[in-house]
Amino acid sequence: MIIRQIHVTPVAFRDPPLLNAAGVHEPWALRTIVEVVTDEGLSGLGETYGDLGHLSKVRECAAALVGVDVHATHEMYARISAIIGDVVTDMHGLTGVATQEKSIDRVFAAFEVACLDIRGKAYGVPVVDLLGGRVRDAVPYSAYLFYKWAGHPGGEPDRFGAALDAAGIVEQASMLIKEYGFASIKLKGGVFAPSEEVEAIIALREAFPGLPLRLDPNAAWTVETSIQVGQALEGSLQYLEDPTPGIPGMAEVAAEVPMPLATNMCVVTPEHLPPAIAAGAIGVLLLDHHYWGGLVRSSHIAALCDTFGLELSMHSNSHLGISLAAMTHLAAAMPNLTHACDTHTPWQNGQDVVAPGALRFIDGAVPVPDGPGLGVELDRDALAVMHEQYLACGLTARDDTTYMQRFEPAFSARRPRW
Ligand code: GKR
Ligand code: MG
């Protein structure tokens, strides 16, 4: 099964004005769709970030992978490493420091997923079977709440409405839980003063007793503020995610708060694990195959977490159905997944590059798709439309901060901010 062609297609889809510590989501979210085609005519899908620096590397590497067998992932990794060299591609959103290793892993992951899709199709088995087999038939996801404006400035309000205080957040949670059946809740914080975000968590706890809650301010708080918030929320949070920047700061907070700390920011490549574990900085790792080097490498990291007693959850960025399918296969094969995974799916609002039907939420969980490989098919018409949107929208990189500053010129994404 030799790679004969790789198609790399940047796409854009509409994104609501979701607020975070870096600013606000722009009207379009960018992704890159990768389609690997073999000499036998089998094809496999991958999905990754759409920022131009990364996209250029994905394109360059695609050309270098033609002629490689789809099983030869070490060879693929070596070729990609040689191309990336010591270039560090653009940081994406709020996913921690960019390193050379992470830049390689981010490019490699899209091709690795596509090759696993092909291998699954060739053997007639789902990708989960190539990762050790399923330990669960459906993967639980959490309701990922965001403070948000009613609509993009100058545009129509979107169907989710505004959420700018505790009442708005509870209303948003009710809507997502009603539509998707989520059984746990994550609030994206780092937007308003910590006391207001504490108030929102308490309102959620009262509105949804028994549902696990998490708060993620993306390192917007000092150590002192993080400790105050952690102590104020004793008994209310399943975990507190990235309250403060860096492993040493996280370790200081972890020693003083009653709940575990989780991260997708201070531990983002294998080299961060030893110092974080030694310092006791985190209790939960949020894996993300998009930057941890694909599904197999993420499974290895999950095994390490088991060895070192770290709990596991999964991080997400704005994504489409190929990513959701890959996340679901990976999570279905992780025996030590301890928490519901994050997903931005509701914010896609039905837009997708995969044909409808394969992915659905039942009681907040996505059943592992039935078909071989990832179990999802590319909707070529939708892909063409989203590619046109990419060309027309004029965005080439995610930049929540500059977009926010158009409306609030004094806004600063400085972290820690409180
Ligand atoms: O979509 O605004 C967002 C999130 O804030 C995202 O960029 C983060 O990477 O979801 C992420 C997180 O858990 O930190
Ligand atoms: Mg996070």
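Residues numbered from 1 in each chain as written. Chains lettered and ligands numbered in written order. Predicted model: local features only at pLDDT ≥ 70, side-chain atom pairs only at ≥ 80, totals over all residues. Heavy atoms only, no water.

Our next topic: the site of ligand 1. Around ligand 1 there are 17 residues in total, and Asn 20, His 25, Tyr 144, Asn 218 and His 344 lie nearest to it. Note that an oxygen atom of ligand 1 is positioned 2.8 Å from one of the side-chain N or O atoms of Lys 186. In this structure, an oxygen atom belonging to ligand 1 sits 2.9 Å away from a side-chain N or O atom of Asn 317. About the coverage of ligand 1: the protein hides 100% of its 350 Å² of free accessible area. The site holding ligand 1 turns out to be the second largest cavity. Tallied by class, residues from the shell around ligand 1 come to three nonpolar, nine polar and five charged. Counting residues domain by domain, the shell around ligand 1 receives three or more from each of domain 1 (3–124 + 380–392) and domain 2 (129–367). (Near = heavy atom within 4 Å. Polar contact = N/O pair within 3.5 Å; in protein donor to acceptor, adjacent residues only side chain to side chain. Areas by Shrake-Rupley, 256 points an atom, 1.4 Å probe, with all protein chains shown as cover. 1 Å grid on protein atoms, 1.4 Å probe; cavity = no way out; pocket = protein on both sides within 12 Å on 5 of 7 lines; lining within 4 Å. Sits in = over half its atoms within 2 Å of the grid points. Nonpolar A, V, L, I, M, F, W, Y, C, P; charged D, E, K, R; others polar. Domains from an automatic or database assignment.)

Protein-derived coordination of the magnesium ion (ligand 2) comes from Asp 216 (OD), Glu 241 (OE) and Asn 264 (OD1), at a distance range of 2.0 to 2.2 Å. The sequence pattern describing where the donors of the magnesium ion (ligand 2) fall on their chain is D-x24-E-x22-N. With Asp 216 in strand S9 (residues 213–216) and Asn 264 in the loop between strand S11 (261–263) and helix H9 (273–279), this pair connects stretches of sequence that are 48 residues apart. Across this residue pair, the class does not change: Asp 216 and Asn 264 are buried. (Donors = N, O, S within 2.8 Å, 3.2 Å for Na, K, Ca; no water. Helix = DSSP H or I, 4+ residues; strand = E, 2+ residues; numbered from the N terminus. Buried < 20%, exposed > 50% of the residue type's maximum accessible area, 1.4 Å probe, protein only.)

What follows concerns the sheet that holds strand S12 (residues 284–287). Sheets are built from strands paired through backbone hydrogen bonds, the pairs being either parallel or antiparallel. Spatially, S7-S8-S9-S10-S11-S12-S13 is the arrangement adopted by the seven strands of the open sheet, whose pairing is parallel. Looking along the sheet, the strands with just one partner apiece sit at the ends: strand S7 (143–146) and strand S13 (311–314). Averaged over all neighbouring strand pairs, the angle between strand axes comes to 25°, with direction disregarded. Pairing of S7 with strand S8 (residues 185–188) involves four bridges; the strand directions are parallel. If you follow Tyr 144 over to S8, its bridge partner there is Lys 186. Docked against the sheet, helix H5 (residues 166–180) engages S7 and S8, running at close to 150° with respect to S7. (Pairing = 2+ DSSP bridges. Axes fitted to C-alpha atoms, helices over the stretch in contact; angles between N-to-C directions. Contact = heavy atoms within 4.5 Å.)

This brings us to the domain arrangement of the chain. What the domain assignment reports for the chain is domain 1 (3–124 + 380–392) and domain 2 (129–367). Measuring from the centre of the C-alpha atoms in domain 1 to the corresponding centre in domain 2 gives 23 Å. On the domain 2 side, the residues contacting the 44 residues of domain 1 number 50 residues. When domain 1 packs against domain 2, the two sides together hide about 3700 Å² of surface, and 67% of this comes from carbon and sulfur. It is Pro 17, Leu 19 and Glu 47 that lose the most area in domain 1 upon contact with domain 2, and together they represent 18% of the buried surface on that side. (Buried area = accessible area lost by both parts, 1.4 Å probe.)

The next thing to look at is empty space enclosed by the protein. Scanning the model with the defined rule gives three cavities of 30 Å³ or more in all. In this structure, the second largest cavity encloses a volume near 110 Å³. Taken together, 17 residues form the lining of the second largest cavity, with Leu 94, Tyr 144, Lys 188, Asn 218 and Asn 317 sitting closest to its centre. Here the residues of the lining of the second largest cavity sort into three nonpolar, nine polar and five charged. Split by domain, the lining of the second largest cavity shows at least three residues from each of two domains, domain 1 (3–124 + 380–392) and domain 2 (129–367). (Points joined across faces, edges and corners; volume = space filled by probe spheres on them.)

Moving on: the layout of surface pockets. Here the largest pocket is characterised by a volume of approximately 340 Å³. Lining the largest pocket are 21 residues, and of these Thr 345, Gln 348, Gly 350, Asp 352 and Leu 359 sit closest to its centre. Mapped by element, the contributors of at least two residues to the lining of the largest pocket are helix H11 (321–332) and helix H12 (345–348). For the lining of the largest pocket, the per-class residue count stands at ten nonpolar, seven polar and four charged.

Right, let's talk about the sheet that holds strand S1 (residues 3–14) for a bit. Taken together, the three strands give an open sheet; going across it, the order is S1-S4-S5, and neighbouring strands pair in antiparallel fashion. In this open sheet, the two edge strands, each paired with only one partner strand, are S1 and strand S5 (43–49). Here the strands of the sheet are splayed against their neighbours by 20° on average, with no regard to which way each runs. Here S1 runs beside strand S4 (residues 28–38); their pairing, made up of eleven bridges, is antiparallel. Pairing of Val 11 across the sheet is with Arg 31, part of S4. Those strands touched by H11 are S4 and S5, and its axis lies near 100° from that of S5.

Once that is clear, we can look at the nonpolar core. Grouped together as the largest cluster of nonpolar side chains are 103 residues, with contacts concentrated most on Tyr 141, Leu 145, Ile 185, Leu 204, Leu 215, Leu 285 and Val 353. Broken down by element, this core gets its largest block of residues, eight residues, from H11. In this structure, this core is formed jointly by two domains, domain 1 (3–124 + 380–392) and domain 2 (129–367), each of which donates at least three residues. Residues in contact with Leu 145, not counting those within four places in the same chain, are Ile 169, Gln 172, Ala 173, Leu 176, Ile 185, Lys 186, Leu 187, Lys 188 and Leu 204. The next biggest cluster of nonpolar side chains, apart from the first, holds 31 residues, and it includes Trp 28, Val 58, Ala 62 and Val 70. (Core = buried A, V, L, I, M, F, W, Y, C linked by side-chain atoms within 4.5 Å.)

Before going further, it helps to spend a moment on the packing of helix H3 (residues 100–123) against helix H10 (residues 294–307). The angle between the axes and the distance between the axes are what describe a pair of packed helices. Direction vectors running N to C along H3 and H10 enclose 110°, while the axes themselves pass 6 Å from each other. The orientation of H3 relative to H10 falls into the category roughly perpendicular. The segment H3 lies against H10, with Asp 105, Phe 108, Ala 109, Glu 112, Val 113 and Leu 116 engaging Gly 294, Leu 295, Val 296 and Arg 297. (Parallel < 35°, antiparallel > 145°, perpendicular 65-115°, else oblique.)

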